[in-house]
Amino acid sequence: MSALLEVRGLAKRFGSLRALDGVDLDVAGGSLTGLIGPNGAGKSTAFACIAGAEKPSAGSVCFRGREIAGTAYHRVAALGIGRTYQLVQTFADMTVLEAVTTGALLRRPRLRDAVAHAEEVLAFVGLSEKRYRLGRALTIADKKRLEVARALATEPALLLLDEVMAGLTPAECRDAVDLLRRILARGVTVLMVEHVMEVLMPIAEHVVVIAAGKTIFSGTAADAVRDAAVLAAYLGSPLEHGEIAGHAP
Amino acid sequence: MTAKPHLYALGAIVVLGLLAAFGLHEAVVLDLVFTLLLYAVLGQSWNWISGYAGNISFGHAIFFGCGAYASALCVTHGLSPWLAIPAGALAAAALALVTGFPTLGLRGHYFSIATIAVAALVETFARTTPWLGKANGFELPIASGWAALQFPQKGPYVVLALVLFAAVQLATIALERSRLGYYLRALRANHAAAASVGIDERRCKLIAFAWSAMMASAAGVLYAQYTLFIDPPSTLALAISIDIALIGVVGGIGTLWGPAAGALVYVVLAKAVALRFGGAGKGYDLVIYGAIICLIAALRPYGIVGTIVDALRRRRGAVA
């Protein structure tokens, strides 16, 4: 399967801080790929660079065979990449239906068509009953669901989900996983950032681990948890001590 | 969603206005009605860029001035004042695009600052430019009839203001039900999230600003034809820009009827307070008017219509 998204040598500097320093990742069409890494590894920055919210300092982002690094943020959505935010960014004074309609207007300029599509997406994510609620009056779980709905309404080929599970109760997490499976079944490719590995393990075919701004692992989830470099990055590593002890001159 | 209640309300206002225009002969009352409609148009014009799009303009008088000066220039050069409607609109839109292009994509208050600066610049330019009448402004030669857009009675002016008001309200009803309207509200709420669903901030806001400027210009044409005298203080001054912004804020930012409500409060309150406490050069009327504005701002920050909308939402349970 050819990759829908190919990222090579992605780098992002903020002044002298190297937030990203060589991120490589591939997302196969139709798959769910997880992007994980410890706190401060650069996951959200990588996301921002792929989605166009930040301009990468170096490297390439190839989407559907087309170089999109540095493309204006609003154009990336039109190319077919939707996203959610780690900290929810709702349209506070819009109702749920209005917010999702706003997303749907990207491909359906006529309001009537956009509303109809938004209704369909709301039914799909299970927010239909709350369609007349204001975005700011929703629970965290529903706000995250609303962000997913808003992004889905733009009919993306690739959906970037930034910690959609964070802050959810176990029951809400199960609902979210169920929603993810249905999104994949719809034919949407998903790249998701998760801080918590256990959430990703059962659903991601492929995971990419980054640490200190670099890709340190790429492979299956099962292999990831056995990988020495990954464990070292996550645990600050007893292995390293062992290595030092074992190989001390 | 449905526009019907708004259309009925607008229809009722138009009928009432026409009854006033043809039935009433008291010049003072007709003058009040005309002023009210004109301010409602200016408030709505401001509301497009500052209410729906959320970029507060403190220089809206210059767009009003574009229309007023276009009218004065046309008439004094022997051209039809009707020509001033497109000419003023063109000038106002151009001014809006030049002001908005570098500033509407920026975060923070750069746009508001730019509007103040450009307004000051335009006012000074008009004050010092011979072909714009310098500080003296223009007196329009007296004429009569629809071709000259001048009338001996006030009735036809009220009809014209009513037509303009209805047109602006209809355009706003259409805006609220259009992609542009949704996009502006989304941008006001959260520009980053708006970009993530493909909204081009600068493009949307420039379009809104240009329309906003053109509406204000149309009001300016009507004003010049009504007073037959314009000069920088009466059409371009910062005080007028602030009045326009106040009307928008008091009525309720980003609401269809907010500007009309704000204009009603402004005209009735300003006139009532002026009649009761004004005169004798003591300025009590301004103090009282200012205090009332402060009270509204402190107690009802969403304005009159914003408060009503919120109450309706609460009743429907939209807000937990």
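Reading the values: rules and limits
Residues numbered from 1 in each chain as written. Chains lettered and ligands numbered in written order. Predicted model: local features only at pLDDT ≥ 70, side-chain atom pairs only at ≥ 80, totals over all residues. Heavy atoms only, no water. Helix = DSSP H or I, 4+ residues; strand = E, 2+ residues; numbered from the N terminus. Buried < 20%, exposed > 50% of the residue type's maximum accessible area, 1.4 Å probe, protein only. Contact = heavy atoms within 4.5 Å. Areas by Shrake-Rupley, 256 points an atom, 1.4 Å probe, with all protein chains shown as cover. Lys, Arg positive; Asp, Glu negative; His and termini not counted. Charge placed at Lys NZ, Arg CZ, Asp CG, Glu CD. Rg over C-alpha atoms; globule rule 2.2 N^0.38 Å. Pairing = 2+ DSSP bridges. Salt bridge = Lys/Arg side-chain N within 4 Å of Asp/Glu carboxyl O. Polar contact = N/O pair within 3.5 Å; in protein donor to acceptor, adjacent residues only side chain to side chain. Nonpolar A, V, L, I, M, F, W, Y, C, P; charged D, E, K, R; others polar. Patch = residues over 30% accessible without salt bridge, like charges linked within 9 Å, V, L, I, M, F, W, Y side chains within 5 Å. Phe/Tyr/Trp six-rings, centres within 6.5 Å; stacked < 30°, edge-to-face > 60°. Lys NZ or Arg CZ within 6 Å of the ring centre and 35° of its normal.

A. Up close: the overall build of chain A. Secondary structure summary: chain A contains ten helices and ten strands in total. Taking all 249 residues of chain A together, 52% fall into the buried category. A separation threshold of at least 6 residues defines the contact pool for chain A, and within that pool the share at least 24 residues apart is 66%. Carbon together with sulfur atoms contributes 54% to the accessible area of chain A, which is approximately 10600 Å² in total. Within chain A, the 27 negative side-chain charges are centred at a point lying 6 Å from the centre of the 28 positive side-chain charges.

B. Looking closely at the overall build of chain B. Scanning chain B from N- to C-terminus turns up 14 helices and two strands. Taking 20 Å as the expected radius of gyration for a compact globule of 320 residues, we find that chain B reaches 19 Å, a close match to that expectation. Each of the three principal axes of chain B carries a C-alpha extent, and together these read 60 × 40 × 40 Å. Scored against the burial criterion, the 320 residues of chain B give a buried share of 52%. Put simply, 77% of the contacts in chain B that link residues at least 6 apart link residues at least 24 apart. For chain B, the separation between the mean place of its 20 positive charges and that of its 11 negative charges on side chains is 11 Å.

C. Spotlight on the pairing of strand β9 (residues 206-211) of chain A. All names here are of chain A. Across the six residues that make up β9, a large majority, five, are buried. As judged from the four bridges shared by strand β3 (residues 32-36) and β9, these two strands associate in the parallel manner. Paired with Leu-35 across the bridge in β9 is Val-208. Two elements, β9 and strand β10 (residues 214-219), share five bridges in a ladder whose sense is antiparallel. Paired with Val-209 across the strands is Phe-217, a residue of β10. Here β9 folds back onto β10, and the loop between the two strands holds two residues, one of which, Ala-212, carries a positive phi near 50 degrees.

D. Quick peek at the interface of chain B and chain A. Between chain B and chain A, the residue contacts involve 25 residues of the former and 27 residues of the latter. Connecting chain B to chain A are two salt bridges. Between Arg185(B) and Glu98(A) there is a salt bridge, with the nearest N and O atoms lying 2.9 Å from each other. Taken together, the connections running from chain B to chain A amount to eight residue pairs in polar contact (both at pLDDT 80 or more). Residue assignment for the side of chain B that touches chain A shows that the elements contributing at least two residues are α7 (179-189), α8 (191-196) and α14 (303-316) of chain B. Counting residues per element, the side of chain B that touches chain A draws most heavily on α7(B), at seven residues. In terms of residue class, the side of chain B that touches chain A is built from 14 nonpolar, four polar and seven charged.

E. Local environment of a nonpolar patch on the surface. Residues and elements named next belong to chain B. Taken together, the side chains of Val-15, Leu-16 and Leu-19 define a hydrophobic patch exposed on the protein surface, amounting to about 310 Å² of accessible area. Its place among the elements puts Leu-19 in helix α1 (residues 4-23). A relative accessible area of 56% places Leu-19 in the exposed class.

F. Summary view of unusual backbone geometry. Located in the positive-phi region is Arg64(A), a residue other than glycine, with phi close to 55 degrees. If you check the backbone angles, Leu149(B) has positive phi at about 55 degrees while not being a glycine. One can find Leu149(B) in the loop between β1 (138-139) and α6 (155-176).

G. Region of interest: the packing of aromatic side chains. By the definition in use, this model includes ten aromatic pairs over all chains. Their ring planes at 75 degrees and their centres at 6.2 Å tell us that Phe34(B) and Tyr157(B) sit as a pair that is edge-to-face. Note that Phe34(B) is positioned in helix α2 (residues 27-52) and Tyr157(B) in helix α6, a separation of 123 residues in sequence. Residue classification places Phe34(B) among the buried residues on the basis of a relative accessible area of 2%. Ring centres of Phe64(B) and Tyr223(B) lie 5.2 Å apart, and the angle between their planes is 55 degrees; this geometry places the pair in the tilted category. Residue Phe64(B) is located in helix α3 (residues 61-76), and its partner Tyr223(B) is located in helix α9 (residues 201-227); the two are separated by 159 residues in the primary sequence. Note on Phe64(B): relative accessible area 3%, which makes it buried. Feature note: the residues Phe34(B), Trp146(B), Phe151(B), Tyr157(B) and Tyr226(B) constitute an aromatic cluster, connected by ring pairs. For the cation-ring pair, Arg150(A) lies above Phe91(A), with the distance from its terminal atom to the ring centre recorded as 4.7 Å.

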